[in-house]
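Geometric and topological summary
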Amino acid sequence: MAEKKPVAFVLSGGGNRGALEVGALQALFEHGITPDILVGTSAGAMNAAFIAINPTLEGAYELGSLWKGIRKEDVYSGNWFTMAWRFLTGKDSLFSSENVRRLVEKYIPPDKRKFGDLDVQLYITSANINTSTLYLFGEDPEGSIVDAVMSSTALPLVFPPVEYNGWQYVDGGVVANVPIEIAIEKGAKEIYAIDVSYAGQIRLNIHGIINIGRRCITVMLYQHLLEDLEEAAENPDVTLHHIRITAYAEIDPYDFSKSAEMIAEGKRITEEYLKSPRPGFYPVRIMEAAPPPPGARIWQRKRKK
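Before going into details, it helps to say that this report is about the structure given with it. Computed from a predicted model, the values in this text were never measured in an experiment.

So, about the nonpolar core. Grouped together as the largest cluster of nonpolar side chains are 59 residues, with contacts concentrated most on F9, L122 and I245. Here the element with the most residues in this core is helix 1 (residues 18–30); it accounts for 7 residues. Not counting residues up to four positions away in its chain, the partners in contact with L122 are L38, A48, A49, A52, F115, F137, G138 and I145.

Right, let's talk about the side chain of T153 for a bit. Examined against the element boundaries, T153 turns out to sit in the loop between helix 7 (145–152) and strand 5 (162–164). Of the polar contacts made by the side chain of T153, one reaches the backbone oxygen of M150; its length is 3.4 Å. Setting aside residues up to four positions removed in sequence, T153 forms contacts with S42, A43, M46, V100 and F159.

Remark: helix 1 packs on helix 3 (residues 57–69), axes separated minimally by 9 Å, with the N-to-C direction vectors making an angle of 160°. As far as their axial angle goes, helix 3 and helix 1 are roughly antiparallel. Considering only the axes of helix 1 and helix 3, their crossing is left-handed. Between helix 1 and helix 3, the contacting residues are G18, A19, V22, L25, Q26, F29 and E30 on the first element and L57, A60, Y61, L63, G64 and W67 on the second. Here the residues of the contact of helix 1 with helix 3 are counted per class, giving 9 nonpolar, 3 polar and 1 charged.

Right, let's get into a negative patch on the surface. Taken together, the side chains of E181, E185, E227, E231 and E234 make up a negatively charged region of the molecular surface. Mapped onto the fold, E227 is located in helix 9 (residues 209–233).

Here we take up the pattern of salt bridges. Applying the stated criterion across every chain, the model contains 8 salt bridges. Between R101 and D147 there is a salt bridge whose closest N-O contact spans 3.4 Å. In this pair, R101 is assigned in helix 6 (residues 98–107) and D147 in helix 7, connecting sequence segments 46 residues apart. Given the relative accessible area of 29%, R101 is considered partly exposed. A relative accessible area of 25% means that D147 is categorised as partly exposed.

A word on the pairing of strand 4 (residues 133–137). As paired elements, strand 3 (residues 121–128) and strand 4 share 5 bridges and run antiparallel to each other. Directly across from I124, in strand 4, lies its bridge partner F137. Where strand 3 hands over to strand 4, the hairpin turn is made up of 4 residues, of which S132 adopts a positive phi near 55°.

Our focus in this paragraph is the environment of F9. Considering the arrangement of structural elements, one finds F9 in strand 1 (residues 7–11). Remark: the alpha-carbon pair of F9 and I191, spanning 182 residues in sequence, is separated by 5.9 Å. Contact partners of F9, with chain neighbours within four places excluded, come to L25, L28, F29, I33, T34, P35, I37, L38, V39 and Y192.

Calculation rules
- Residues numbered from 1 in each chain as written.
- Predicted model: local features only at pLDDT ≥ 70, side-chain atom pairs only at ≥ 80, totals over all residues.
- Heavy atoms only, no water.
- Core = buried A, V, L, I, M, F, W, Y, C linked by side-chain atoms within 4.5 Å.
- Buried < 20%, exposed > 50% of the residue type's maximum accessible area, 1.4 Å probe, protein only.
- Helix = DSSP H or I, 4+ residues; strand = E, 2+ residues; numbered from the N terminus.
- Contact = heavy atoms within 4.5 Å.
- Polar contact = N/O pair within 3.5 Å; in protein donor to acceptor, adjacent residues only side chain to side chain.
- Axes fitted to C-alpha atoms, helices over the stretch in contact; angles between N-to-C directions.
- Parallel < 35°, antiparallel > 145°, perpendicular 65-115°, else oblique.
- Left-handed = near helix turned anticlockwise from the far one by under 90°.
- Nonpolar A, V, L, I, M, F, W, Y, C, P; charged D, E, K, R; others polar.
- Patch = residues over 30% accessible without salt bridge, like charges linked within 9 Å, V, L, I, M, F, W, Y side chains within 5 Å.
- Areas by Shrake-Rupley, 256 points an atom, 1.4 Å probe, with all protein chains shown as cover.
- Salt bridge = Lys/Arg side-chain N within 4 Å of Asp/Glu carboxyl O.
- Lys, Arg positive; Asp, Glu negative; His and termini not counted.
- Charge placed at Lys NZ, Arg CZ, Asp CG, Glu CD.
- Pairing = 2+ DSSP bridges.

Right, here's the structure in full:
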């Protein structure tokens with residue numbers, strides 16, 4: 001009997017589009033695909049942590065019920081007035097992260113608060129904005145899952161950095177939004193990367209300070225994704241399924257009213273992929289590049305041989 005290859009689920013960031021990941025997880029479990037390793041960033045860190053607590057189809061449906069019950073006020077505190085006040089008074093973010101911590105603590109049971117309490121390997125990313133370094137939670141069994149999730153979901157501008165010993169940590173997506181490389185280094189031989197990020201999508205007429213700032217981060221994340229896909233392609237021992245879900249790209253980031261529909265869509269797209277898997281095929285670019293400005297040319301990344 002052939003030895004089972006270690007399987008990893010890699011869950012990207014994506015804010016409220018994390019509901020799409022839930023449907024993908026449900027489809028994977030229904031097809032008998034279960035993880036030995038879970039790697040998550042930002043919203044994907046929350047999903048990965050919940051699934052690591054109960055890595056079963058039942059757990060995936062419980063996670064779906066959680067998402068369906070979330071409302072804006074469960075995540076974001078205040079209104080446009082308080083956002084403006086925080087901006088004008090020099091706060092570190094538009095929102096406090098208190099609501100997010102309450103949400104995380106509510107759904108992570110007391111006996112599953114440490115990485116060593118889990119039956120599967122869980123890894124969560126965070127970025128130190130003082131040193132521009134990616135940090136990885138999950139190797140220390142005594143590490144706090146709640147603290148790891150809070151660090152990984154501290155989206156710049158939206159939530160304040162999490163401080164440890166004078167250093168500031170933010171959303172792991174700032175450095176690696178689809179952390180495939182980590183799954184490879186941790187021994188995964190078959191990887192299902194559920195990608196609900198905005199990477200590679202062309203967006204026209206971007207205006208507003210916050211929207212432009214978010215888009216700049218997205219451009220950076222796209223380049224990181226290309227690098228991870230390239231590394232996976234060069235590794236003959238790794239089978240990578242890059243399941244990219246672009247649905248609901250235009251949804252307001254504060255809108256949680258469509259989680260049920262998003263879960264269903266994520267499940268539908270993943271089931272379609274599983275009917276005809278295409279490991280090694282990475283549909284990242286979905287539109288042609290814009291024509292270059294005068295005096296410039298398009299620089300195409302070349303995959304290493």
